[in-house]
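Observations on chain architecture
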Amino acid sequence: HRDLHVRSRRQRQMCIRDRSHSIEGYVSIFNNSYTRDLSELSTRKLFDSIPSYVNNNDDINSADNVLRASNMAGIIQNISIPGLGHALSHQMARYKVSHGNATGAFLPITMVINSENEKVKSSYNTFAKRLGFKSCEQLIDKIKEMNDVFSVSLEKKKIEKAIFCLLYTSPSPRDGLLSRMPSSA
């Protein structure tokens, strides 16, 4: 009998973060067939194993699946470069919001935004179908459901602050200086 001795809150945050890295990586402009395959495998393992891993410290098989999926998510992140949800989540650290919680909360929001681009929506739909969902929307619903089960959320005011920080502290593509007004981008 072995106890994994990882606190449940930290487990949830790690799993949700890695789920976000895997899904964002699938639609990244830097993806390739290797990262898409890893995204699919990692996301499937996380969807299948997160509940048991978080709720049962004795489940070595679930822990193994989650840790391997987390490793894959790290590879995906390094090759494919995560997207908007990841960028926004880094802004949340200054408000004492964990990276895992922030990436999880921003994922369904940014998936809806990214789906406005038909090419990206097509990629999400392909990904969703490969995972056993009928559509991108159904995948987003599953993500929201998991977020509810694992208490992943952000206050609206914190979301607005993150977006404000991202807009006003990002370098201007025109002159490389920090933006002071949205029009300087």
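Going by the structure above, here's the rest.
Here's a quick rundown of the structure. (Residues numbered from 1 in each chain as written. Predicted model: local features only at pLDDT ≥ 70, side-chain atom pairs only at ≥ 80, totals over all residues. Heavy atoms only, no water.)

Estimates place the volume of the largest pocket at around 330 Å³. Considering the residues around the largest pocket, the lining is formed by 16 residues, among which Val27, Ser28, Ile29, Phe30 and Val120 are closest to the centre. When residues of the lining of the largest pocket are traced back to their parent elements, those giving at least two are α1 (8-27) and α6 (118-130). The greatest single-element share of the lining of the largest pocket, amounting to four residues, is contributed by α6. (1 Å grid on protein atoms, 1.4 Å probe; cavity = no way out; pocket = protein on both sides within 12 Å on 5 of 7 lines; lining within 4 Å. Points joined across faces, edges and corners; volume = space filled by probe spheres on them. Helix = DSSP H or I, 4+ residues; strand = E, 2+ residues; numbered from the N terminus.)

One pass over the structure, following the stated rule, counts two aromatic pairs. Over the ring of Phe47 we find Lys142, and its NZ or CZ is 6.0 Å from the ring centre. (Phe/Tyr/Trp six-rings, centres within 6.5 Å; stacked < 30°, edge-to-face > 60°. Lys NZ or Arg CZ within 6 Å of the ring centre and 35° of its normal.)

So, on to helix α5 (residues 99-114). At Leu107, α5 shows its maximal bend, which comes to roughly 35°, and the proline Pro108 appears one to four places after that position. Within α5, burial applies to Gly100, Asn101, Ala102, Thr103, Gly104, Ala105, Phe106, Leu107, Pro108, Thr110 and Met111. (Bend = angle between axes of the 7 residues up to and from the residue. Buried < 20%, exposed > 50% of the residue type's maximum accessible area, 1.4 Å probe, protein only.)

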